[in-house]
Amino acid sequence: MKWFVLRKVGQSMLTLLIASIVVFLGVRALPGDAATAMSSEGASPEVLAQIRQSYGLDKPLPVQYLDWVGHLLTGDLGKSPQTGLSVSAVLASRIPVTLELAGVALLLALLFGIPIGIFAALKRNTAFDYLSTTGSMLGLSVPHFWFGILFILLFAVKLHWLPASGFVPLTDPVANLQHIIMPAAVLAIGLAAVLIPQMRSALIQSLSEDYIRTARAKGLAQSAVIGKHALRNSLTAVVTVVGLQLGALISGVVITEQIFVVPGIGKLTLDSVYNRDYPMLQAVVLITASAYIVVNLITDLVYSALNPRVRIQGAAT
Amino acid sequence: MTTAMATELTPRAAQRRRLRRRFTRRPTAVLGLVGVACFVLVAIFGPVLSPADPDATSYDQIFVSPFSAGHLLGTDDLGRDVLSRLIVGTRASMEAGVLATLIAAVIGVALGLFAGYYRGWLDTVVMRTTDVLLSFPFAILAVGLASILGPSLSNAILALAISLIPTFIRITRAEVLGLREQDYVQAAVVSGASGGVIMFGHILRNCLTPLVVQASVAIPGAIIGAAMLSFLGLGEQPPTASWGTMLSESQNYLSQAAWFAVLPGLAIALATLSFNMFGDGLREVLDPRGDQ
């Protein structure tokens, strides 16, 4: 197990290193010249040359990369040429917003998804089961951004219950919740749509195991059979699904933040693409990728701790 | 004699009939198939079916409500016929879904076959690249690639294809690793068959099931992805009609013309729902154990 963990961690570090090179080169491969994007329109060649020099853009690419990584390791992510703000300060203000949004979404998804999945498994082939299956299928098929627009239409434009967009910090909890609930619900629908069928089939699977028959045969109450035996085993499957879905959650955050104008890292990514804000874009994509790599690593490790067979198969590949 | 011939089926025909029944037993699968067929037909014959010129603007007929004479689904902010634009936009969505998946499948399967069969440094390079591509969330990878390639429908398709490749590589490779130890593959090796014949002739045909299942998931994913990129201004460019651009244009008129936001989204949702229901049925047919 120790070697397995070390190997997995090493692999993730290598992936992260290559990812940083990909991000660095990818940002430079964006069409348009960085110096032109940074300066005002019609800047003279001298001004452009000066910008290139002050941002180190005149150096060879490998040197630029090493400069960037060197600064990265000391916590210096550079400055946004467009706004003059420090990249790390902007990130520090944006990341908590996205974490809150994703956290509320995850909470909503678990709060609704797990009970619905359990109930669908226990009431198999009833109207409720069909309804939840159809609902999950709809949740998977309907794109996030349309749900977002429909929510705005219904709750903001027609009913005037909630603000259509924007964000209020946690210092005003009520207004904060009013602004965060719609985008979080949109994200939660996508998550729950995956969670419900997984929960349902995992529970049905465990209910058909021999130890459940044994538990029933020895006269255990239905609630104890489900609560103590079946549920515990099916939840491990759900943990893995949630881990794997966090990546999809990050994807959903990008477009959801854009629609609801939530100032998190998803919107920051798109804004940096539109504004050709290279230092910002580099940092935000690398941070997202690192978060994703770490989540995947943890999911991998948790999964293999729960299911030892993976370790042996993993060692063979 | 002839009647006996007609009722007695060859084993292969009987198998085929069994599979067909397993598919048609699910009403959602049949519904999905009908939906997919409709969308594909509209995509092919769109320009013929569209009741009006999708790009003809008319400034005295802006935001005509649906079910009006001459405009069944109303008109948009420039007085263009919404139904015609939806019909013509179908092709861009279908193209994106099918082409992106096809490109990803061809490249991913080939790389997965080579990596899994030859192992060694090739395997290491392919798998590390896959890891790196998978370390970016799908939306960020697609948005990043689309902005590098430049905003257009074909570049959006390419960006989606590249984003879909890693999963095809992983699935193929995992299958190949299991199959290459099988007796029949070893027999082919011993009898002197070349690597290409073994990979494409013997191994590939036995790992088609998970690949078809993956493709059935990838197509609706790519349809949504293409709509998302167009919505963000990184796919099909206005004034060309596409579901994503229509949805993005509608955002500015939510209080004036709600139906204008509802319709293109409904088209995207119906298309992906059809593909998902069809794919579910396909999974049931190909891999009945998965749903027990």
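Parameters and conventions
- As a convention, each chain's residues are numbered from 1 in the sequence order in which they are written.
- In the order they appear in the text, chains get letters beginning with A and ligands get numbers beginning with 1.
- This being a predicted model, a pLDDT of at least 70 is required before a residue's local features are given, and a value of 80 or more before pairs of side-chain atoms are given or counted; all residues contribute to the totals for chains, interfaces and linings.
- Runs of H or I in DSSP of at least four residues are treated as helices and runs of E of at least two as strands, each being numbered from the N terminus.
- Exposed residues have 12 or fewer other C-beta atoms within 10 Å of their own C-beta, buried residues have 20 or more, and partly exposed residues fall in between, where C-beta atoms are placed from the backbone.
- By the convention adopted here, residues make contact when the C-beta atoms placed from their backbones lie within 7 Å.
- Defined on buried residues, the nonpolar core groups Ala, Val, Leu, Ile, Met, Phe, Trp, Tyr and Cys residues joined through C-beta atoms within 7 Å.
- Think of each axis as a best-fit line through the C-alpha atoms, taken over the contacting stretch in the case of a helix, with angles from 0 to 180 degrees between the N-to-C directions.
- Roughly parallel means an angle under 35 degrees; roughly antiparallel means over 145; roughly perpendicular covers 65 to 115; every other angle is labelled oblique.
- What makes a crossing left-handed is the near helix being turned counterclockwise from the far one by less than a right angle; a clockwise turn instead makes it right-handed.
- In the scheme used here, Gly and all other residues not listed as nonpolar or charged are polar, with Ala, Val, Leu, Ile, Met, Phe, Trp, Tyr, Cys and Pro taken as nonpolar and Asp, Glu, Lys and Arg as charged.
- Confidence scores labelled pLDDT are given residue by residue by the predictor and lie between 0 and 100.
- Expected span, for any helix, means 1.5 Å times one less than how many residues it has.

Draft legend 1. Summary view of the overall build of chain A. Looking only at helices and strands, chain A has 13 helices and zero strands in total. Listing each helix as α and each strand as β along chain A from the N terminus yields α-α-α-α-α-α-α-α-α-α-α-α-α. Out of the 317 residues in chain A, the part that is buried amounts to 37%. Long-range contacts, defined here as pairs at least 24 residues apart, represent 69% of the contacts in chain A between residues at least 6 apart.

Draft legend 2. Representation of the overall build of chain B in the model. Secondary structure assignment for chain B yields 12 helices and zero strands. The order of helices and strands in chain B, counted from the N terminus, is α-α-α-α-α-α-α-α-α-α-α-α. Principal-axis analysis of the C-alpha atoms places the extent of chain B at approximately 75 × 60 × 35 Å. In chain B, buried positions account for 46% of the 292 residues. Looking at chain B alone, contacts between residues at least 24 apart form 70% of all its contacts between residues at least 6 apart.

Draft legend 3. Quick look at the interface of chain A and chain B. Contacts between chain A and chain B engage 35 residues on the former and 34 residues on the latter. Looking at the side of chain A that touches chain B, the elements with two or more residues in it are α1 (2-29), α6 (127-141), α7 (144-158), α10 (222-260), α11 (265-275) and α12 (278-306) of chain A.

Draft legend 4. View of the environment of A:Leu110. Residue and element names in this part refer to chain A. Turning to its location among the elements, Leu-110 is positioned in helix α5 (residues 87-122). What makes Leu-110 partly exposed here is the crowd of 17 C-beta atoms within 10 Å. Measuring from C-alpha to C-alpha, the distance between Leu-110 and Leu-195 comes to 7.9 Å, with 85 residues separating the pair along the chain.

Draft legend 5. Quick peek at the environment of B:Ile140. Tracing the sequence through the fold places B:Ile140 in helix α6 (residues 138-149). Note on B:Ile140: 25 C-beta atoms within 10 Å, which makes it buried.

Draft legend 6. Examining unusual backbone geometry more closely. Following B:Pro238, the chain continues into B:Pro239 via a peptide bond in cis, with omega recorded as 10°. You can see B:Pro239 is positioned in the loop between α10 (208-231) and α11 (243-250). In the Ramachandran plot, A:Asn125 falls in the positive-phi region, its phi being about 60° despite a non-glycine side chain. Along the chain, A:Asn125 falls in the loop between α5 and α6. With a phi angle near 50°, A:Val261 is a residue other than glycine that sits in the positive phi range.

Draft legend 7. Expanded view of the nonpolar core. Core analysis: the largest hydrophobic core is formed by 148 residues, its most contacted members being A:Ala105, B:Ala142, B:Val143, B:Ala156 and B:Leu160. Ranked by residue count, the leading element in this core is helix α8 (residues 173-207) of chain A, at 17 residues. When residues no more than four places from it in sequence are discounted, the contact partners of B:Ala156 are B:Ala96, B:Ala146, B:Ala226, B:Leu229, B:Leu234 and B:Gly235.

Draft legend 8. Region of the structure containing the packing of α8(A) against α10(A). All names here are of chain A. Taken N-terminus to C-terminus, the directions of α8 and α10 make an angle of 160°; their axes are 8 Å apart at the nearest point. Here α10 runs roughly antiparallel to α8, going by the angle between their axes. By crossing handedness, the relation of α8 to α10 is classed as right-handed. In terms of residue class, the contact of α8 with α10 is made up of 20 nonpolar, nine polar and one charged.

Draft legend 9. Representation of the confidence of the model for chain A within the structure. Counting all residues, the mean pLDDT for chain A is 83, and 94% of those residues have values of 70 or more. Within chain A, α5(A) carries the highest mean pLDDT (91), whereas helix α13 (residues 309-316) of chain A carries the lowest (54).

Draft legend 10. Inspection of the confidence of the model for chain B at higher detail. Summary statistics for chain B give a mean pLDDT of 84 and a share of 95% for residues scoring 70 or more. Scored as a complex, the prediction yields pTM 0.86 and ipTM 0.82.

Draft legend 11. Region of interest: the packing of α5(A) against α11(A). Residues and elements named next belong to chain A. Following both chains from N to C, one finds α5 and α11 inclined at 130°, their axes separated by 8 Å at the closest point. Here α5 is positioned oblique relative to α11, judged by the angle of their axes. Of the residues in α11, those in contact with Arg-94, Ile-95 and Thr-98 of α5 are Ile-265, Gly-266 and Leu-268. Here the residues of the contact of α5 with α11 sort into three nonpolar, two polar and one charged.

Draft legend 12. Quick peek at helix α2 (residues 11-24) of chain B. When the terminal C-alpha atoms of α2(B) are compared, their 20 Å separation across 14 residues agrees well with the 20 Å that a helix rising 1.5 Å per residue should span. In terms of burial, α2(B) is largely open, as just zero of its 14 residues are buried.

Draft legend 13. Structural context of the environment of A:Met199. All names here are of chain A. Assignment of secondary structure puts Met-199 in helix α8. Sequence separation between Met-199 and Val-238 is 39 residues; the distance between their C-alpha atoms is 6.2 Å. Ignoring any residue separated from it by four or fewer positions in sequence, one finds Met-199 in contact with Gly-113, Ile-114, Gly-117, Ile-118, Ser-234 and Val-238.

Draft legend 14. Spotlight on α6(B). Residue and element names in this part refer to chain B. Spanning 12 residues, α6 covers 16 Å between terminal C-alpha atoms, matching the ideal 16 Å at 1.5 Å per step. Burial runs high along α6: 10 of the 12 residues are buried. Within α6 the residues assigned to the buried category are Phe-138, Ala-139, Ile-140, Leu-141, Ala-142, Val-143, Gly-144, Leu-145, Ala-146 and Ser-147. Just downstream of α6 lies Gly-150, where phi reads positive at about 100°.

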